[in-house]
Amino acid sequence: MAKKQYDTVIGLEVHIELSTETKIFCGCATKFGAMPNTQTCPVCTGMPGSLPVLNKKVVEAAIALGLATNSRISRRTIFDRKNYFYPDNPQNYQISQLYVPVCRDGFLEIENKSVRIHEMHMEEDAGKLVHDEAAGISLVDYNRSGVPLIEIVSEPDMETAEEVIAYLEKLRMLCLYLGISDCKLQEGSMRVDVNLSVKEAGSETLGTRTEMKNLNSFKAIARAIAAERERQIMRIESGQEVVQETRRWDDAEGVSYSMRSKEDSKDYRYFPEPDIPPVLIGREWIDGIRNRQPEFKEEKAARFTEEYGIPAYDADILTQSRHLATLFEETAKRSGLPKKTANWFMGELLRLLKESGKEPEELTFSPKHAADLIVAVEEGKINQANAKEVFAKVVEADVAPLSYMEQRGLMSLSDEGVLQAAVDEVLAEYPEIVEEYRSGKDKVFGFLVGQVMKKTKGKADPGTVNGLLRKNLSRFA
Amino acid sequence: MELLQMSVRAMSEKIKSKALSVKETVDALQMKLAEKEPMLGAFLTINDMQLEQRMDEVQKGIRSGRYAGPLAGVPIAIKDNICTKGLRTTCGSRMLERFVPAYDATVVQRLQDAGMIILGKTNMDEFAMGSTTETSAFRLTKNPWNMSHVPGGSSGGSCAAVAAGEVPLALGSDTGGSVRQPAAFCGVVGLKPTYGRVSRYGLVAYASSMDQIGPIGRTVADCRALYECVAGYDEKDATTVKREVTKSLGHEPNVEERIEKLKGMRFAVPKEYLGEGTREEVREAVKGAMKLLDRNGAVVEEISLPLAEYAVAAYYIIACAEASSNLSRFDGVKYGYRAEGAETLHEMYVKSRSEGFGEEVKRRILLGSFALSEGYYDAYYLKALKVRRLIREAFDKVFENYDCILTPTAPTTAPKFGTALKDPLLMYLQDADTVAVNLAGLPAISVPCGIDAEGLPIGLQLIGNAFCEETLFAAAEGYEELRGKFPTAWEQGRERL
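Residues and elements named next belong to chain A. Within this structure, the stated rule accounts for 5 cavities of 30 Å³ or more. Looking at the largest cavity, its volume works out to about 180 Å³. F25, V43, C44, Q91 and E124 are the residues nearest the centre of the largest cavity, which is lined by 21 residues in total. Take the lining of the largest cavity: its biggest share by element is 3 residues, from strand β5 (residues 93–96). Taken together, the residues of the lining of the largest cavity break down into 10 nonpolar, 8 polar and 3 charged.

Turning our attention to the sheet that holds strand β4 (residues 80–83) of chain A. Backbone-to-backbone hydrogen bonds join strands into a sheet, with any given pair of strands oriented parallel or antiparallel. Reading across from one edge, β5-β4-β15 (chain A) is the order of the 3 strands in this open sheet, with antiparallel pairing throughout. Two strands lie at the open edges of the sheet, namely β5 and β15 (271–272) of chain A, each paired on one side alone. Here β4(A) runs beside β15(A); their pairing, made up of 2 bridges, is antiparallel. When the bridges of β15(A) are listed, R81(A) appears paired with F271(A). Relative to β4(A), helix α10 (residues 308–326) of chain B is tilted by about 60 degrees, and along the sheet it contacts β4, β5 and β15 of chain A.

Right, let's get into the layout of surface pockets. Any space left empty among the atoms is revealed by the rolling of a water-sized probe across them. Estimated volume of the second largest pocket: approximately 950 Å³. If you trace the second largest pocket, you find 31 residues lining it, with R76(A), P278(A), L385(B), R388(B) and R392(B) closest to the centre. Within the residue set of the lining of the second largest pocket, elements represented by two or more residues are α13 (378–401) and α15 (435–440) of chain B. Counting residues per element, the lining of the second largest pocket draws most heavily on α13(B), at 7 residues. Residue classes in the lining of the second largest pocket are distributed as 19 nonpolar, 5 polar and 7 charged.

This next bit is on the domain arrangement of chain A. All names here are of chain A. Split by domain assignment, chain A resolves into domain 1 (6–285), domain 2 (295–408) and domain 3 (416–476). Look at where the C-alpha atoms of domain 1 and domain 2 centre, and you get two points 37 Å apart. The partner domain 2 presents 10 residues to the 6 residues of domain 1 that form the contact. The largest contributions to the domain 1 side of the interface with domain 2 come from K170, M173 and Y177, which together make up 74% of the buried area. Taken together, domain 1 and domain 2 are joined by 1 salt bridge.

Another aspect to go through is the confidence of the model for chain B. The share of residues in chain B with pLDDT of 70 or more is 98%, and the mean pLDDT across the chain is 94. Taken together, the chains of this predicted complex give a pTM of 0.90 and an interface ipTM of 0.95.

So, about the environment of P411(B). Residues and elements named next belong to chain B. With respect to the helices and strands, P411 occurs in the loop between β9 (404–408) and α14 (424–429). Along the backbone, P411 and E480 are 69 residues apart, and their C-alpha atoms lie at a distance of 21 Å. Setting aside residues no more than four positions away along its own chain, P411 makes contact with G277, T278, R279, V282, Q430 and D433.

Criteria and cut-off values
- Counting restarts for each chain, with residues numbered from 1 along the sequence as it is written.
- Starting at A for chains and at 1 for ligands, labels are handed out in the order in which the entities are written.
- It should be noted that, the model being predicted, local features are given only for residues of pLDDT at least 70 and side-chain atom pairs only at 80 or more, the latter also being counted only at that level, while totals for whole chains, interfaces and linings use all residues.
- Only hydrogens and water are set aside; all other atoms, that is, all heavy atoms of the structure, feed into the side-chain values.
- Definitions used throughout: a 1 Å grid over protein atoms alone; a cavity as a set of points that fits a 1.4 Å probe which cannot get out; a pocket as an open set with protein on both sides within 12 Å along at least five of seven lines; a lining residue as one with an atom within 4 Å of a point.
- Grid points are joined across faces, edges and corners, and a volume is the space filled by probe spheres set on the points.
- The secondary structure listing takes helices from DSSP runs of H or I that are at least 4 residues long and strands from runs of E that are at least 2 residues long, numbered from the N terminus.
- Put simply, Ala, Val, Leu, Ile, Met, Phe, Trp, Tyr, Cys and Pro go in the nonpolar bin, Asp, Glu, Lys and Arg in the charged bin, and everything else, Gly too, in the polar bin.
- Between any two strands, at least two bridges found by DSSP are needed for them to pair.
- Note on contacts: a residue pair qualifies if any of its non-hydrogen atoms lie within 4.5 Å across the two residues.
- Lines are fitted to the C-alpha atoms to define the axes, a helix being fitted only along its stretch in contact, and any angle between axes, read from their N-to-C directions, falls within 0 to 180 degrees.
- Here the limits of each domain have been adopted from an automatic or database domain assignment.
- Accessible area that two parts lose when put together, evaluated with a 1.4 Å probe and summed over both, is termed the buried area.
- Put simply, a salt bridge is a Lys or Arg side-chain nitrogen that is within 4 Å of an Asp or Glu carboxyl oxygen.
- Confidence of the prediction at every residue is given by pLDDT, a number between 0 and 100.

Rendered as structure tokens:
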């Protein structure tokens, strides 16, 4: 148990791998999972004499994220070379930004506080080393070399794992809505380094910080933060110093290991990249991007509650994915039944997604089809049980629900002529029940409805049956 | 030798009109090569593998009209730091002894598209670092005018090959004078275009912010024809500029027109370039050129350009800093010589780089790494950038009043072998006349203007405003006309080949 009270101070360095079609400095594809070294060229393999040419889409993604995080966009930004020797980088320098990054001084609102963003810069990813232990050799796959990254550096404004995760969720949601990255921690398209220090509660002086790497899930981040906080407090209370160093988190073991200390930290000999002219970002370019910014999650959720009268809880869930939100809104508009639509989405759709293990992004059904079905239910053309079956088909294969229902005979019987025959039969078969009803036993009515449904094999529209029965019963009276 | 008396345009005309076949042209030059190369040593690689096929292709292309341009059928030599697909490109270094590029440099692509024929790759100072071609890891190249003298550098092989009549044209690269200085030492014409005029894609980088590929020929017109072939925007090099390159369209102005263009043209001669450090004979030759221009209607005025003395220091800091980064890819992993017997990755790096690079290259990598290191960056690199900006501004001021700046290309003529490398600092100072041009990104041309007592050529440098190559050509052609025909090394009977 710690003797004193401590505050935790946390800042984050987040790398976002952009989902542009091509790499940052050449025309090679960026698709994940291709055969090693099939998406390479002289530029991304650092061949002598080759030169980088900046992909404009990367700058646009950075500007868009900068605007979304309330950052200042540099009107003139430059690239710099970061020099270090490592085999995953064929030219032994990484093209990055140090002196004039593309965005600065932003912030993100989380829960009840604002986390400041120090800067945001563009850079290239390195290749991947593959170690063949059996053969005793190492191989390099350059497919990832030159894949664009944006690094977002926060100020040390967070204090708890919950705040860290809220910040990351917010950032992730912005990227997803902007469509610039899929932000998957497990696949490495979002990488988080946690800078953490502790100080005595209330003290103004910051403690020595460490940098934690290899955090592959939100759970791992939370565990690593707890463990690192404990480790630093233990050291301080046992009279040892916290060493400024980079540590590697082992999530299976639940401990971290020192990778390198500040003393043997490298001198990257940064200098302005002479092969890429300064990037001038004019007001028009920025305005154009600003005008194309999507409606982000929170505004969208608020509008859904307001405009469609759905519960805030539903709106929050439905806007977790921009795609899901669009599907909802389109379906709600087409059906004219937003609340019913929300119910279908919150209940059936989310259940189906969960069962199939799919992401909302993978949904391909057309809102028209979903809306047609929801309207059919409302109009009594299909009963609830059958509607669920058809809905699953719409989601799975985007079938047109009306013709599907017809082909499969799933339409409700609402034709009074056809139903009258069934009603007549039932009334004739159960005279004693009819008597009971007439003598005031209202609850037997349900039994009669059930019998009609049975005769029509469940296809009868319950509303129509109700009406018909009541009319007939009163006539007999 | 008739073939080498004519201009390259005339040569191409003869080939296109079938008066001369591609094969006859190449054969004649190959005989020259066979005869001279053993002594001269201008080439590192002769393009024998691809040559037969290429000659065929060009001959057919000329017949079909695919190659109809002013240089169709003309053979050329390429400096060995410009990538040629399938043809070894060593940069004069042990490091890249076996490097065969998988792609063509943009300039090479343009030469091929124009129907030119690459005869081979020429010797150079290792990674273009040197002024004598003596830092080449492979061989010495001799000066065709005097075999005990260097050809200059780093494009020494290209200039010597043109001067010796082995090829009519060659490409070099100029980072601090590497085209102009050897052109001056070998008595040929060499141009360093404006930074951004010619694509660097495929040029193995030395100092990226100053490197520029330049043409070398026997006359200004030849040089210009090659410039027009390779210059212009390239989407693969973000530092190239989208500006029209004026084409001379086959019209070769006559003598009167050339001299006429000089009338009223304003030349500035900075007195600092003709001071103590410049040898008397060089000074006299340049003054002779000044008089000639003055007498023929040009305005020649002496000015002061004092910043020149800081140019060498700024140049070496920036060039070495960039080089230290550019050359880091040669580590034995993917590129460059890999040393045997290393136990660890670090050891492999150290051994490969220690064994693969020569002394001068290592010296510049060390200098550059130091200049960029933490705590020294501001004092060296940033200060050098400030000097660079001041130099650019000083040049801008001059060009408010003048069309050209006129200086010697080098303070001396070609030194004897084994003298320059003894004192690196002294060698660096010899670059004083050329490096400021690279720092400012300006175009400059070297034209022969005299021969010293030892029979070695002297070069006149004309510096133009950015993207004013047109003015430079006019000035250089006018001067060339006034000067009269410059002898060739072989006519002088000076080459003891």
